[in-house]
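# Summary of the model geometry
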Amino acid sequence: MSQTPTNDQQVNLDFTSLPLKRELTDNLATMGYAQMTPIQAQSLPAILNGEDVIGQGKTGSGKTAAFGLGLLNKLNVKRFRIQTMVLCPTRELADQVAKELRTLARGIHNIKILTLCGGVPMGPQIGSLEHGAHIIVGTPGRIIDHLDRGRLDLENVDTLILDEADRMLEMGFQRELDAIMLAVPRERQTLLFSATFPDQIKTISEQFLVNPVMVKVTATHDSSSIEQHFYECGNNNDRMRALQLLLLDRNPESAVVFCNTKRETKDVAAKLSNAGFSVVALHGDLEQRDRDLMLLKFANKSASVMVATDVAARGLDIDALDMVVNYHVAYDTEVHIHRVGRTGRAGSKGAAFTFFNHEDGYKIGLIEDLLGRDIVAEGLPSESLLDKMPAQPAMVTIQIDGGKKNKVRPGDILGCLTGDNGIEGSEVGKIKITDFRSYVAVKRQVVRRALNKITKGKLKGRNYRAWELK
Ligand code: ADP
Ligand code: MG
């Protein structure tokens, strides 16, 4: 087995440095994937080169896009045959993988991805199989069922992926895997991903892979990659001033400010908004629709600060927060760890800022135990920063009055914006489509041109109304 560079060696992290199709790289920008994660950077060159690869990295390291980009780049859409098969241990994981593949593939039209998993009725799967597919994502047991009944033709598979191989073995799928290997051509590329590397994995790698390149990435997120700062704030006025100074000093693209109560959340958000920050508030009093819009604006980087209670922020799935602020120390250290852990994900460096006063002595003591060091209050950035206007977020959200029910799809919006003297793919951010509306983030500098493209040009053969979402 050959060894790829270790983490600390210099690697180019731009997706555009890879020999990937334009449709894929343009779309990555719209997904908010600015740079490769370490496992992607280390495995993609070999994957795109057609080599067998063993990738080891813990959950959340970005393995799906590593193999997903590889298989999508290689796929021949015009050839309507099953060319790729992804094996996963459970239906949930298979669904997640299929979802990510569909998102990665949305710049390329007419790719058919089919999931074949146990626990769902056979009938519809048989029907879908008769219609054909390019990519199968499934669990080994159900794949064997279809193979045994002669409903699955794997003769054209040239890429086979074993995702979470260790878990598939734990679940006792060894025999199914052996049988599937006999049904796919020997001449193929095989990629194996696993969080751990027990002997059993070594054995199947030797059986199923040929001269594999071994890529191993250690933890992408541990608390030591997060710097924690503490400031003493006697009262709420001090807190608000400290918050503004830190935001002005750091200019975060995405920051979350945690408050202990709903009332405080609203109050802090209103004050920041008055001071000119682009802010959204997330608390229990919001209607679902407003909550979704707040999350959307924050996730697509057209709002840079989110003020939230712990409960409202639960399930918030935003990678790469630059900054987390504890407006008050959390009631318990578990909550503190959880808040702080939201920054510094996906290998990026995070920073957490906690405001405390003399009443928080006990809680601060617990955090000191946790950190294994004394907490010393730091000085704040210079007051002169308060003369500055907050920076505007990089993106603006455009709302379009057409959605799924009008058969508008992300590729249509991207095509309309970038086609025919349009804006660059790299100037388009996240796209979200609901039943009757679509939302697309674009770079602030090009918002007028983007609006023109949609309202004067043609999206799905008609004119739509579109406006900036404030
Ligand atoms: P794994 O399979 O290694 O557990 P996933 O492939 O599920 O990890 O990825 C974890 C999360 O990271 C997902 O939400 C995914 O969308 C996100 N992600 C993957 N690659 C990138 C990237 N290059 N930039 C930003 N986010 C990424
Ligand atoms: Mg995974």
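Note that the structure is predicted; figures quoted are calculated from it, not measured.

## Let's talk about the site of ligand 1
Taken together, 14 residues form the shell around ligand 1, and within it Tyr33, Gln35, Gln40, Gly60 and Thr64 come nearest. In the environment of ligand 1, an oxygen atom lies 3.1 Å from a nitrogen or oxygen atom belonging to the backbone of Ser61. Here an oxygen atom of ligand 1 sits 3.0 Å away from a polar atom, N or O, in the side chain of Lys63. In isolation ligand 1 has 570 Å² of accessible area, and contact with the protein removes 80% of it.

## Section: the packing of aromatic side chains
Summed over all chains, the structure comprises 4 aromatic pairs. Between Phe67 and Phe193, the aromatic rings sit 5.4 Å apart at their centres with planes inclined by 45 degrees, giving tilted as the arrangement. Of this pair, Phe67 sits in helix α3 (residues 63-74) while Phe193 is found in strand β7 (residues 189-194), placing the two residues 126 residues apart along the sequence. For Phe193, a relative accessible area of 0% corresponds to the buried category. An aromatic cluster of three or more residues is present, and its members are Tyr231, Tyr327, Phe353 and Phe355.

## Some remarks on the confidence of the model for the chain
Residue-level pLDDT values for the chain average 89, and 94% of them are 70 or greater. Low pLDDT (under 50) marks residues 1-9, which in the prediction has 17 contacts with non-local residues, meaning those over four places away or in another chain. The low-confidence segment residues 219-223 (pLDDT under 50) makes 10 contacts with residues lying over four places distant or belonging to another chain.

## A word on unusual backbone geometry
Keep in mind that most residues, glycine aside, have a negative phi and that most peptide bonds are trans. For Asn211, which is not a glycine, the phi torsion comes out positive at approximately 40 degrees. Inspection of the secondary structure assignment puts Asn211 in the loop between α9 (199-208) and β8 (213-216). Positive phi is not limited to glycine here, since Lys407 has a value of about 65 degrees. With respect to the secondary-structure elements, Lys407 resides in the loop between β15 (395-400) and α16 (410-418).

## Some thoughts on the domain arrangement of the chain
Each assigned domain of the chain is listed here: domain 1 (2-216), domain 2 (226-387) and domain 3 (395-468). Facing the 6 residues of domain 1 at the interface are 10 residues of domain 3. Taken over both partners, the interface formed by domain 1 and domain 3 buries close to 680 Å², and the fraction arising from carbon and sulfur atoms is 59%. Three residues stand out in domain 1 for area buried against domain 3, namely Thr30, Arg106 and His109, and they jointly supply 61% of the buried area on that side. Connecting domain 1 to domain 3 are 0 salt bridges.

## Points about the sheet that holds strand β14 (residues 350-356)
Strand order across the open sheet formed by 6 strands is β9-β14-β13-β10-β12-β11, with parallel pairing between neighbours. The open sheet is flanked by β9 (226-232) and β11 (279-282), the only strands paired with a single partner. Here the average twist between neighbouring strands, direction ignored, is 20 degrees. With 4 bridges joining them, β11 and strand β12 (residues 305-309) adopt parallel strand pairing.

## Focus on empty space enclosed by the protein
Here the structure, examined in full by the defined rule, presents 1 cavity of 30 Å³ or more. Taken as a whole, the largest cavity encloses approximately 30 Å³ of empty space. What lines the largest cavity is Asn27, Thr30, Arg106, Gly107, Pro410, Gly411, Leu414 and Ile431. Looking at the lining of the largest cavity, the elements that each hand over two or more residues are α1 (22-30) and α16. Per-element accounting of the lining of the largest cavity gives the leading share, 3 residues, to α16. Among the domains, domain 1 (2-216) and domain 3 (395-468) are the pair contributing at least three residues each to the lining of the largest cavity.

## Re the packing of helix α5 (residues 122-131) against helix α6 (residues 140-148)
Contact geometry of α5 with α6 gives a least axis separation of 12 Å together with a crossing angle of 65 degrees. Seen from above, α5 lies across α6 with right-handed handedness. Seen from α5, the contacting residues are Met122, Gln125, Ile126 and Leu129; seen from α6, they are Arg142, Asp145 and His146.

## Some thoughts on the environment of Lys404
Take Lys404: it is sitting in the loop between β15 and α16. Considered as a pair, Lys404 and Ala34 are 370 residues apart in the sequence and their alpha carbons are 27 Å apart. Filtering out sequence-adjacent residues up to four positions away, Lys404 remains in contact with Ile433, Thr434 and Asp435.

## Considerations on the pattern of salt bridges
Counted by the stated rule, this structure contains 17 salt bridges. Salt-bridge contacts for Asp199 lead to Lys202; the nearest nitrogen and oxygen are separated by 3.4 Å. In this pair, Asp199 and Lys202 both sit in helix α9, 3 residues apart, roughly one turn of the helix. For Asp199, a relative accessible area of 56% gives the class exposed. For Asp238, the salt bridge is made with Arg241, and the minimal N-O distance between the two is 3.5 Å. In this pair, Asp238 and Arg241 both sit in helix α10 (residues 236-250), 3 residues apart, roughly one turn of the helix. Accessibility expressed as a relative area gives 24% for Asp238, which makes it partly exposed. Among the charged side chains, a salt-bridge network with shared partners connects Asp238, Arg241 and Glu383.

Calculation criteria
- Residues numbered from 1 in each chain as written.
- Chains lettered and ligands numbered in written order.
- Predicted model: local features only at pLDDT ≥ 70, side-chain atom pairs only at ≥ 80, totals over all residues.
- Heavy atoms only, no water.
- Near = heavy atom within 4 Å.
- Polar contact = N/O pair within 3.5 Å; in protein donor to acceptor, adjacent residues only side chain to side chain.
- Areas by Shrake-Rupley, 256 points an atom, 1.4 Å probe, with all protein chains shown as cover.
- Phe/Tyr/Trp six-rings, centres within 6.5 Å; stacked < 30°, edge-to-face > 60°.
- Helix = DSSP H or I, 4+ residues; strand = E, 2+ residues; numbered from the N terminus.
- Buried < 20%, exposed > 50% of the residue type's maximum accessible area, 1.4 Å probe, protein only.
- pLDDT = per-residue confidence, 0-100.
- Contact = heavy atoms within 4.5 Å.
- Domains from an automatic or database assignment.
- Buried area = accessible area lost by both parts, 1.4 Å probe.
- Salt bridge = Lys/Arg side-chain N within 4 Å of Asp/Glu carboxyl O.
- Pairing = 2+ DSSP bridges.
- Axes fitted to C-alpha atoms, helices over the stretch in contact; angles between N-to-C directions.
- 1 Å grid on protein atoms, 1.4 Å probe; cavity = no way out; pocket = protein on both sides within 12 Å on 5 of 7 lines; lining within 4 Å.
- Points joined across faces, edges and corners; volume = space filled by probe spheres on them.
- Left-handed = near helix turned anticlockwise from the far one by under 90°.

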